[in-house]
Amino acid sequence: MLIDELSGVAELAREDERWSNYLPAIAAEIKDNRQQEAPYLARDSRLASAIDAVIATIDSDTRSPNVLRERSQIALTLLGDVQARWQKHALELAAGDGHQKQLLLHRLSTLATHVLDRGLEEESLAKIHGDNCRGTPAPFVESATGCTSAGPRNYTCLLALYGSRSDLAALIANSKFTQVGKGAGIRHDETSKHWHQEYGDLFFVSFPCSAVSRRMAAEQSLQAISTLLNVQNLYHNSADFRAGARVLVYDQNYSAFSVEVSPEKHFGLFPRSEYRRLSRETYARVGHRLDGRISNALECHALALSADHPKTAIINLWTALETITGFLGAKATGARVADCIAPIIARRRVDKIATYLALSVHSMAQWDGRGIDSTFLPASSEKFVAPDDILRAVTGKANNPAVEYLLQRSAEYPLLVNRLFTVWQQFHDPKALAGSLAQSRKRVEWQISRIYRARNLLVHRGDQSRYTWRLLRNAHYYVSSTISRVLHDLRDQPRWTVDTSLVHQQQRYDYLHDQLFSKQGATIVFSDLLLQKTRNSDTKVWA
């Protein structure tokens, strides 16, 4: 997928040399993946050589977009059907002796990315059930990823439109859209009935299309009708004409699916448990400074959350990132935003993982009803597993009592055991954790560059990136995390500005990385790794 993305940017760079500025970031990501895939590429020297040629073209002084595009096409040809290639490799690993679990998980992650890219997550999840999870790995891999090998299929999409019925009827005349109604296009199955009841007396149309998944079909139909409606809005000088976000999709087997096509569905963040208290405290202590960049960034964030289309959402989320960053630093816009945002997100990584594991352990205890032993997790209880208990376990030495207990307690849940052990491998060695943080920062920088490219593709060329939907979750998380950190600093430090907070966050990341890498974490305390204050906040992690 990266080489395909690179080929697209090289094509743009042939017409406008400014797009060449994005090539090094993609090349760095390809290099990183090239290193990860080295064992596999050793089996296919021609493909490895073609990928190396692509990287060498970007690294050269000339960096010719024409040569780069052609070499990318050669690599893509040698790669062939990438989904089939990775599925075959996953099946080989699954049928092995079980000693390559990490490589299998990496390959499954690769396949999951392709599933998401084709909008097949619902079809894939429908294939996963208790029986194939308890069986041998090969049938599970085949059933969960087999949907990626299917080609385009025919769908009929039904949409509910807002606006004057007579105006809408005139609008769709002689178009690909056909007016439908109950019993005349809208079927009588339960899914169709619920969809029809949800939209009541609106104006309904159908749209035939071909797509690789029902989600892609829904997105395609909504894009087509939105363009038509927006032309009407232009001449009507209003926003009266719009489509409902839920699309009713009929597949070739006449099965009905209600597919929600809205940016909100892709954001992924839930309301914070203390959102009321945080809102009151922030306004009480920072209210007089909630203007300028902060106010504009908050407004862009709100516009993105309420957007009906991913294009509107991604533009507003990028504007929020650029607004909060301001003119801090002398680099070009994309690099400047990445330099400010990436350290904030990367430093949250340890807290995010420890919190996720704490929630997973608590869910396990709730599920099987066996509780947890507070002897090994002293800050936890039946109602709550403390992230600092988890962090102490995974940063401890080999066979420390807490991690031993967690591994034994989770023995019946292989995925949780694997995750605990993998995190311990990274976290118990401060230098390894420093490397993990640096890698996380690089990946955030690459993703911010991708978000910026998607935004520029929309604004300057009118094209939508194939990654726009998937980028919404990352962009929203970056905006929410950055503004939250800035507001937290402004609450605690009355004399600070937004720029002071951003520089402070960069310094905290640099301090953490330096202490982990060069001093084995000797001075690191829990508050350097966890965002929430606890009774262990001032306790050294690697005492």
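Refer to the structure printed above.
The rules behind these values
- Residues numbered from 1 in each chain as written.
- Predicted model: local features only at pLDDT ≥ 70, side-chain atom pairs only at ≥ 80, totals over all residues.
- Heavy atoms only, no water.
- Helix = DSSP H or I, 4+ residues; strand = E, 2+ residues; numbered from the N terminus.
- Rg over C-alpha atoms; globule rule 2.2 N^0.38 Å.
- Buried < 20%, exposed > 50% of the residue type's maximum accessible area, 1.4 Å probe, protein only.
- Contact = heavy atoms within 4.5 Å.
- Areas by Shrake-Rupley, 256 points an atom, 1.4 Å probe, with all protein chains shown as cover.
- Lys, Arg positive; Asp, Glu negative; His and termini not counted.
- Charge placed at Lys NZ, Arg CZ, Asp CG, Glu CD.
- Phe/Tyr/Trp six-rings, centres within 6.5 Å; stacked < 30°, edge-to-face > 60°.
- Lys NZ or Arg CZ within 6 Å of the ring centre and 35° of its normal.
- Expected span 1.5 Å × (residues − 1).
- Bend = angle between axes of the 7 residues up to and from the residue.
- Arc of directions from axis to C-beta.
- Core = buried A, V, L, I, M, F, W, Y, C linked by side-chain atoms within 4.5 Å.
- Pairing = 2+ DSSP bridges.
- Axes fitted to C-alpha atoms, helices over the stretch in contact; angles between N-to-C directions.
- Parallel < 35°, antiparallel > 145°, perpendicular 65-115°, else oblique.
- Nonpolar A, V, L, I, M, F, W, Y, C, P; charged D, E, K, R; others polar.
- Left-handed = near helix turned anticlockwise from the far one by under 90°.
- Salt bridge = Lys/Arg side-chain N within 4 Å of Asp/Glu carboxyl O.
- Disulfide = S-S within 2.5 Å.

**Q** Sorry if this is basic, but what is going on with the overall build of the protein chain here?
**A** Helices and strands together make up the secondary structure of the protein chain, namely 26 helices and seven strands. Its C-alpha atoms give the protein chain a radius of gyration of 26 Å, near enough to 24 Å, the size a compact globule of 543 residues would have. Each principal axis of the C-alpha distribution contributes one length, and for the protein chain these read about 75 × 65 × 60 Å. Looking at the protein chain as a whole, 47% of its 543 residues qualify as buried. Excluding contacts between residues fewer than 6 apart, the proportion of contacts in the protein chain whose partners are at least 24 apart in sequence is 71%. Put simply, the protein chain shows about 27,200 Å² of open surface, and 52% of that area lies on carbon and sulfur atoms. In the protein chain, which carries 66 positive and 58 negative side-chain charges, the distance between the mean positions of the two groups comes to 2 Å.

**Q** Before we go on, may I ask you to explain the packing of aromatic side chains in this structure?
**A** The description of two aromatic rings rests on the distance between their centres and on the angle between their planes. Evaluation of the coordinates by the stated rule reveals 10 aromatic pairs. Plain terms: the ring middles of Tyr-40 and Trp-86 are 5.1 Å apart, the flat faces sit at 65° to each other, and that makes the pair edge-to-face. Separated by 46 residues along the polypeptide, Tyr-40 in helix H3 (residues 38-41) and Trp-86 in helix H6 (residues 82-94) bring together distant segments of the chain. Of the two residues, Tyr-40 and Trp-86, both sit in the buried class. Summarising the aromatic geometry, the rings of Trp-318 and Tyr-452 are spaced 4.6 Å apart at their centres and angled 25° between planes, so their arrangement reads as stacked. With Trp-318 in helix H17 (residues 310-325) and Tyr-452 in helix H23 (residues 430-461), the pair connects residues that are 134 residues apart, well separated along the chain. The pair Trp-318 / Tyr-452 is uniform in exposure class, with both members buried. Taking NZ or CZ as reference, Arg-107 lies 5.7 Å from the ring centre of Tyr-40, over its face.

**Q** For this particular structure, what's the right way to read helix H18 (residues 333-347)?
**A** Residue pairs three or four apart in sequence face the same way in an α-helix, which turns once every 3.6 residues. Counted at 1.5 Å a residue, the expected span for H18 with its 15 residues is 21 Å, and the 22 Å between its end C-alpha atoms agrees. The largest bend along H18 reaches roughly 30° and is located at Ile-341, with the proline Pro-343 sitting one to four residues downstream. With 12 of its 15 residues buried, H18 lies for the most part within the structure. Looking at H18, one finds that the buried residues are Gly-334, Arg-336, Val-337, Ala-338, Cys-340, Ile-341, Ala-342, Pro-343, Ile-344, Ile-345, Ala-346 and Arg-347.

**Q** I tried to follow helix H21 (residues 401-409) on my own but got confused; where do I start?
**A** Looking only at H21, the buried set comprises Ala-402, Val-403, Tyr-405, Leu-406 and Arg-409. An end-on view of H21 places all buried positions within 160° of arc, on one side of the element. Exposed and facing more than 90 degrees away from the buried side of H21 are Pro-401 and Gln-408. Where H21 is buried, its residues meet helix H19 (349-368), helix H20 (387-394) and helix H22 (414-427).

**Q** Which parts of the structure should I look at to understand the nonpolar core?
**A** Soluble, globular proteins show a tendency: their nonpolar side chains are buried together. If you look at the biggest cluster of nonpolar residues, it comprises 98 residues, and the most contacted ones within it are Leu-159, Leu-161 and Tyr-478. Among the elements that line this core, the one with the most residues is helix H24 (residues 468-492), at 11 residues.

**Q** Sorry, what's going on with the pairing of strand E6 (residues 246-250) here?
**A** Sheet faces and side chains relate simply in a regular strand, where the side chains alternate between the two faces. The buried fraction of E6 is high, at four of five residues. Where E6 and strand E7 (residues 256-260) come together, five bridges link them in antiparallel fashion. Opposite Val-247, over in E7, you have Val-259 as the bridge partner. Taking the residues between adjacent antiparallel strands as the criterion, E6 and E7 are bridged by five residues, where Tyr-254 takes a positive phi near 65°.

**Q** Got a minute to help me understand the packing of H24 against helix H25 (residues 498-519) in this structure?
**A** In helix packing, the relevant descriptors are the interaxial angle and the interaxial distance, both defined with respect to the helix axes. Contact pair H24 / H25: the axes reach a minimum separation of 9 Å and the direction vectors enclose 110°. In terms of orientation, H24 lies roughly perpendicular with respect to H25. Residues Thr-482, Arg-485, Val-486, Asp-489 and Leu-490 of H24 pack against Val-498, Ser-501, Leu-502, His-504 and Gln-505 of H25. Class assignment for the residues of the contact of H24 with H25 results in four nonpolar, four polar and two charged.

**Q** How do you make sense of the packing of helix H2 (residues 23-36) against H23 when you look at a structure like this?
**A** Contact pair H2 / H23: the axes reach a minimum separation of 10 Å and the direction vectors enclose 135°. Between H2 and H23, the angle falls in the class oblique. Judged by the sense of rotation from one axis to the other, the crossing of H2 with H23 is left-handed. Contact residues: H2 offers Ala-25, Ile-26, Ala-28, Glu-29, Asp-32 and Gln-36, while H23 offers Gln-439, Lys-442, Arg-443, Trp-446, Ser-449, Arg-450 and Arg-453. Classifying every residue of the contact of H2 with H23 gives four nonpolar, three polar and six charged.

**Q** What is the right way to look at the pattern of salt bridges in this model?
**A** Here the idea is simple: oppositely charged side chains can pair when their charged atoms come close. Applying the stated criterion across every chain, the model contains 37 salt bridges. Arg-18 is the salt-bridge partner of Asp-16, the closest N and O atoms lying 2.9 Å from each other. By relative accessible area, which is 61% here, Arg-18 ends up exposed. Connected via shared salt-bridge partners are Glu-121, Glu-122, Glu-123, Arg-214 and Arg-215.

**Q** Quick question: what am I supposed to make of the pairing of strand E2 (residues 178-182) here?
**A** Pairing of E2 with strand E4 (residues 203-211), which is carried by three bridges, proceeds in the antiparallel orientation. Bridge pairing links Val-180 to Phe-204 in E4. Of the pairings in the sheet, the one linking E2 to strand E3 (residues 185-186) comprises two bridges and is parallel in character. By the bridge assignment for E3, Gly-181 is matched with Gly-185.

**Q** Could you clarify how one ought to interpret the state of the cysteines in this entry?
**A** Put plainly, two cysteines are in a disulfide when a covalent bond ties their sulfur atoms together. Evaluation of the coordinates by the stated rule reveals zero disulfides. Looking at the unpaired Cys-209, the closest cysteine sulfur is the one in Cys-157, lying at 3.9 Å. Among the cysteines around Cys-340, which has no disulfide bond, Cys-300 carries the closest sulfur, lying 17 Å off.

**Q** Could you clarify how one ought to interpret the side chain of His-196 in this entry?
**A** Mapped onto the fold, His-196 is located in helix H12 (residues 190-199). Note on His-196: relative accessible area 19%, which makes it buried. Residues in contact with His-196, not counting those within four places in the same chain, are Lys-182, Ile-186 and Phe-204.

So far we have only geometry, and geometry alone does not tell us how the molecule works.
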